[in-house]
Amino acid sequence: MRTTLQQAQRIVVKVGTSTLIYPNGAINLKAIDQLAFILSDLQNQGKEVLLVSSGAIGVGLNKLMLTERPTTIPEQQAVAAVGQAELMNIYNQRFAVYGQKMAQVLLTRDVPAFPESRKNVINTLEQLLQMGLVPIINENDTVAVEELDHATKFGDNDQLSAIVSQLVQADLLIMLSDIDGFFSANPHVDPEATLFSEITTITETHYQIAGGRGSRFGTGGMTSKLKAAERILQQQQQMVLANGHDPAIITQILAGEPIGTLFSAN
């Protein structure tokens, strides 16, 4: 089944903060450079690539030399505003080294929810891809708030990446996290946890393994990733969940190597 990944032409890559930021809060420039190199090379191969990138608050904390994340929403939004500008500056520098142009797209949950704005964002993304650019997409944290019932909030970039994959009808979503895939138990605490190589249907059992629909699994938020995968499967698309410690793993995934967990309804 993984041989189909080799034919993926339109690819969405999602990277979490754990890939972009070191545990000490410093920016992982090596990972960002590797990411820019891999995605630029994919573009050179004639593929179309979109990047959904977290990290605005993490980079903002580093830029402002803050050791702890602020507790209030306005403070977090201010840090995100600083961090998003700095993060895009770094991306622009690294992509330029490899001769690849990129563009920033910031979204809130209400944009794809309404027909007219949904059509507009699809047209924008399609045009950027047609022009050979790599759209770098993030939630607009400066206007979206964290209340769970607020209409503008995606919830997290796992959901955003799945929604983007739907909007552009991507062949594959590669979700890079701080865990090697979906396991039978939390591998951080259970040495006997085994990796699911492929999942075709997500059941309540999977959510129970992840700790329930409303909980967090490890540091990667496994419940959120399952919800994103469920959305992908409903659209007859494919998703690979893998460890983003070394972004070069993207090349191995696209070669069809048995890495991470493949979610595919086919």
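Note that the structure is predicted; figures quoted are calculated from it, not measured.

Enquirer: Honestly, the overall build of the protein in this entry has me stumped. Any pointers?
Expert: On a plain count of helices and strands, the protein comes out with 10 helices and eight strands. The C-alpha atoms of the protein give a radius of gyration of 17 Å, which matches the 18 Å a tight globule of 266 residues would have. Its C-alpha atoms put the protein at 40 × 40 × 40 Å along the principal axes. Split into buried and exposed, the 266 residues of the protein put 52% on the buried side. Considering only intrachain contacts with a sequence separation of at least 6, the fraction spanning at least 24 residues in the protein is 72%. Carbon together with sulfur atoms contributes 51% to the accessible area of the protein, which is approximately 12,100 Å² in total.

Enquirer: I tried to follow helix α2 (residues 29-44) on my own but got confused; where do I start?
Expert: The α-helix winds at 3.6 residues per turn, so residues separated by three or four positions along the chain end up facing the same way. Between its first and last C-alpha atoms α2 spans 22 Å; for 16 residues at 1.5 Å apiece the expected length is 22 Å, and the two agree. Buried residues of α2: Ala31, Ile32, Asp33, Leu35, Ala36, Ile38, Leu39, Ser40, Leu42 and Gln43, and no others.

Enquirer: Mind showing me how you'd approach the side chain of His206 here?
Expert: Summarising the element assignment, His206 is placed in helix α8 (residues 204-210). Not counting the four nearest positions on each side in its chain, His206 is found in contact with Phe182, Ile199, Thr201 and Leu226.

Enquirer: Just checking my understanding: could you explain the environment of Gln238 for this structure?
Expert: Note that Gln238 resides in strand β7 (residues 238-243). Given a relative accessible area of 10%, Gln238 falls into the buried group. As for Gln238 and Ser40, which are separated by 198 residues in sequence, their C-alpha atoms are 22 Å apart. The contacts of Gln238, once residues within four sequence positions are left out, are Thr4, Leu5, Asp171, Leu172, Leu173, Ile232, Leu262, Phe263 and Ser264. Reaching out from Gln238, the side chain makes a polar contact with the side chain of Thr4 at a distance of 3.3 Å. A distance of 3.1 Å separates the side chain of Gln238 from the side chain of Ser264, its partner in a polar contact.

Enquirer: Would you mind showing me how to read the pattern of salt bridges here?
Expert: Once the charged atoms of two side chains with opposite charge are near each other, the side chains can pair. Under the criterion given, the structure shown has six salt bridges. As a salt-bridge pair, Glu48 and Arg10 come within 2.8 Å of each other at their nearest N and O atoms. Here Glu48, found in strand β2 (residues 48-53), pairs with Arg10, found in strand β1 (residues 10-15); they are 38 residues apart in sequence, far enough to count as distant. Residue Arg10 is classed as buried on the basis of its relative accessible area of 13%. The closest approach of N and O atoms between Asp158 and Lys14, which form a salt bridge, is 2.9 Å. With Asp158 in helix α7 (residues 157-167) and Lys14 in strand β1, the pair connects residues that are 144 residues apart, well separated along the chain. Lys14 matches Asp158 in its accessibility class, with the two residues each being buried. Among the charged side chains, a salt-bridge network with shared partners connects Arg10, Glu48 and Glu126.

Enquirer: Sorry if this is basic, but what is going on with the pairing of strand β5 (residues 172-177) here?
Expert: Consecutive side chains of a regular strand alternate in pointing toward one face of the sheet and then the other. Of all six residues making up β5, six are buried, and the element is well covered by its neighbours. A two-sided burial pattern is seen for β5, the buried positions comprising Leu172, Ile174 and Leu176 on one face and Leu173, Met175 and Ser177 on the other. Bridge analysis of β1 against β5 gives five bridges, and the strand direction is parallel. Residue pairing across strands places Lys14 opposite Met175, the latter belonging to β5.

Enquirer: Sorry if this is basic, but what is going on with the pairing of strand β4 (residues 134-139) here?
Expert: Burial of β4 is extensive: six of the six residues sit out of reach of the surface. The alternating pattern of β4 places Val134, Ile136 and Asn138 and Pro135, Ile137 and Glu139 on opposite faces, both of which are buried. Bridge analysis of β2 against β4 gives two bridges, and the strand direction is parallel. Considered in β4, the bridge of Leu51 is made with Ile136. Sheet analysis places strand β3 (residues 102-107) next to β4, joined by six bridges and oriented parallel. By the bridge assignment for β4, Leu106 is matched with Asn138.

Enquirer: I would appreciate a short explanation of the sheet that holds β2 in the present structure.
Expert: Strands pair in a sheet through their backbones, by hydrogen bonds, and they do so in one of two ways: parallel or antiparallel. The strand order β3-β4-β2-β1-β5-β7-β8-β6 describes an open sheet built from eight strands, whose pairing is mixed. Strands at the two margins of the open sheet, each flanked by one partner only, are β3 and β6 (198-199). Where β5 meets β7, five bridges bridge the pair, whose relative direction is parallel. Within β7, the residue paired with Leu173 across the bridge is Met239.

What counts and how
- Residues numbered from 1 in each chain as written.
- Predicted model: local features only at pLDDT ≥ 70, side-chain atom pairs only at ≥ 80, totals over all residues.
- Heavy atoms only, no water.
- Helix = DSSP H or I, 4+ residues; strand = E, 2+ residues; numbered from the N terminus.
- Rg over C-alpha atoms; globule rule 2.2 N^0.38 Å.
- Buried < 20%, exposed > 50% of the residue type's maximum accessible area, 1.4 Å probe, protein only.
- Contact = heavy atoms within 4.5 Å.
- Areas by Shrake-Rupley, 256 points an atom, 1.4 Å probe, with all protein chains shown as cover.
- Expected span 1.5 Å × (residues − 1).
- Polar contact = N/O pair within 3.5 Å; in protein donor to acceptor, adjacent residues only side chain to side chain.
- Salt bridge = Lys/Arg side-chain N within 4 Å of Asp/Glu carboxyl O.
- Pairing = 2+ DSSP bridges.

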